[in-house]
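# Chain and residue survey
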Amino acid sequence: MRHENRPPSPRRSRLTRRGRLALFFGTLLGLGAAVLIPLLPGEKAPEKPRQLLIPEGWRAPQVYAAIDRELKLPPGSAKAAAATAALPLPAEAKGNPEGYLFPATYPVTSEATPATLLTYMVETANTKLATKAVADGGQAHGMTPYQTATLASIIEAEADTRADMGKVARVVHNRLAKSMPLQMDSTINYGLNRATVDTKLSETKIDSPFNTYERQGLPPTPIDSPGLAAMAAAVAPTPGDWLYFVTVKQGDTRFSATYEEHKRHVAEFNRLRAASRKTWSARKDPKETA
């Protein structure tokens, strides 16, 4: 065989003096390869990462503020970084990372920057949206990954419990199929930069791309950071004919196929709210507590 055709001979790895000593003492103690090598003078112990928790349902400004606090940076630093970090977002996002700052616990070291953390979050969201179940389910419903994230963000905001997510998703899909406006208070809240369960009739008339009472279809962007459960519900909704829902009280969301049934549930919600406010007012009344 000619020399130029011979496979390269494997190079012999050479142990340093420190490595030879470690191997010797490991063999002597019967530890084999499981050797704890002591640090040499001047060497630093590996840094233990801190943990940054991003909960489901947070909006981008909340994530930015958490990053600034964790990294001890001036407020607005993470928001500024989001505009210049070249985040791996889909073209539909137009550079807006809302909905793609995936909720999870992220390791933070002294080398972390707003850009690296935001990139990590967006890459994680892309990975979750690309899982076979979510990606195939989205395609089956004719949705792009960005539309899946948008729908999932509504589910995250509207569902009272994880068990309700599939039903909330079904309501959205049923309304889209019937060309009905979604009429979601959560999208109005996003447009008004607030969080409340009280939406006034006048607010359902506001001129906003997030007013899903006046505009049909999904809002132009996600409205929060949805988790994997909400993504899964978005592409695999619970079977049903529901078109309406209202959370009457915590843990009790009523789903309805007809408006008449829905009105009865809304009346129950209003009755319980009024009773709760009356009780709270009585507790706060100085005459009652004196």
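These lines cover the structure that appears in this document, whether it is placed above or below. Just so you know, these numbers come straight off a predicted model, no measurement behind them.

So, on to the overall build of the chain. For the chain, the helix and strand inventory stands at 11 helices and four strands. Out of the 290 residues in the chain, the part that is buried amounts to 36%. Long-range contacts, defined here as pairs at least 24 residues apart, represent 62% of the contacts in the chain between residues at least 6 apart. Of the roughly 17900 Å² that the chain leaves accessible, carbon and sulfur atoms contribute 56%.

What follows is about the packing of helix H6 (residues 145–158) against helix H9 (residues 228–235). Where H6 meets H9, the axes come as close as 8 Å, and the angle between the chain directions of the two elements is 110°. By the angle between their directions, the pair H6 and H9 is classed as roughly perpendicular. H9 is crossed by H6, and the crossing has right-handed handedness. For the pair formed by H6 and H9, the contact residues are Thr148, Leu151, Ala152, Ile155 and Glu156 on the first element and Ala230, Met231, Ala233, Ala234 and Val235 on the second.

So, on to the layout of surface pockets. When its volume is computed, the largest pocket comes out at roughly 1500 Å³. Along the wall of the largest pocket there are 48 residues; nearest its centre are Glu158, Asp185, Val197, Thr199 and Tyr213. Within the residue set of the lining of the largest pocket, elements represented by two or more residues are H6, helix H7 (165–177), helix H8 (185–191), strand S3 (244–249) and helix H10 (259–284). Across the lining of the largest pocket, the residue classes break down as 21 nonpolar, 13 polar and 14 charged.

Right, let's talk about the packing of helix H2 (residues 60–71) against helix H3 (residues 77–84) for a bit. Running from amino to carboxyl end, H2 crosses H3 at an angle of 115°, the nearest separation of the two axes being 7 Å. Our classification of the angle between H2 and H3 gives roughly perpendicular. Facing Tyr64, Ile67 and Asp68 of H2, the residues of H3 in contact are Ser77, Ala78, Lys79 and Ala82. Within the contact of H2 with H3, the residues separate by chemical class into four nonpolar, one polar and two charged.

Turning to H7, a few remarks are in order. For the α-helix, the turn length of 3.6 residues means that residues three or four positions removed from each other point alike. Helix length check: H7 (13 residues) gives 18 Å between terminal C-alpha atoms against 18 Å at 1.5 Å per residue, within 8%. Along H7, 10 of the 13 residues are buried, which leaves the element largely enclosed by surrounding structure. Among all positions of H7, only Met165, Gly166, Val168, Ala169, Arg170, Val171, Val172, His173, Asn174 and Arg175 are buried. Within two residues after H7, Ser179 carries a phi angle of roughly 55°, on the positive side.

The phi dihedral of Lys94 falls on the positive side, at around 55°, and the residue is not glycine. One can find Lys94 in the loop between H3 and strand S2 (105–108). Under the relative-accessibility criterion, Lys94 is labelled exposed at 79%.

Time to look at the packing of aromatic side chains. The full count for this structure, using the stated rule, is six aromatic pairs. Between Tyr100 and Tyr146, the ring centres sit 5.9 Å apart and the planes meet at 20°, which makes this aromatic pair stacked. Pair noted here: Tyr100 is in the loop between H3 and S2 and Tyr146 is in helix H6, with a separation of 46 residues, a long-range link. Residue class for Tyr100 comes out buried when judged on its relative accessible area of 1%. Site record: aromatic cluster; members linked through ring pairs are Trp242, Phe245 and Phe255.

Reading the values: rules and limits
Residues numbered from 1 in each chain as written. Predicted model: local features only at pLDDT ≥ 70, side-chain atom pairs only at ≥ 80, totals over all residues. Heavy atoms only, no water. Helix = DSSP H or I, 4+ residues; strand = E, 2+ residues; numbered from the N terminus. Buried < 20%, exposed > 50% of the residue type's maximum accessible area, 1.4 Å probe, protein only. Contact = heavy atoms within 4.5 Å. Areas by Shrake-Rupley, 256 points an atom, 1.4 Å probe, with all protein chains shown as cover. Axes fitted to C-alpha atoms, helices over the stretch in contact; angles between N-to-C directions. Parallel < 35°, antiparallel > 145°, perpendicular 65-115°, else oblique. Left-handed = near helix turned anticlockwise from the far one by under 90°. 1 Å grid on protein atoms, 1.4 Å probe; cavity = no way out; pocket = protein on both sides within 12 Å on 5 of 7 lines; lining within 4 Å. Points joined across faces, edges and corners; volume = space filled by probe spheres on them. Nonpolar A, V, L, I, M, F, W, Y, C, P; charged D, E, K, R; others polar. Expected span 1.5 Å × (residues − 1). Phe/Tyr/Trp six-rings, centres within 6.5 Å; stacked < 30°, edge-to-face > 60°.

That's the geometry; what it means functionally is another story.
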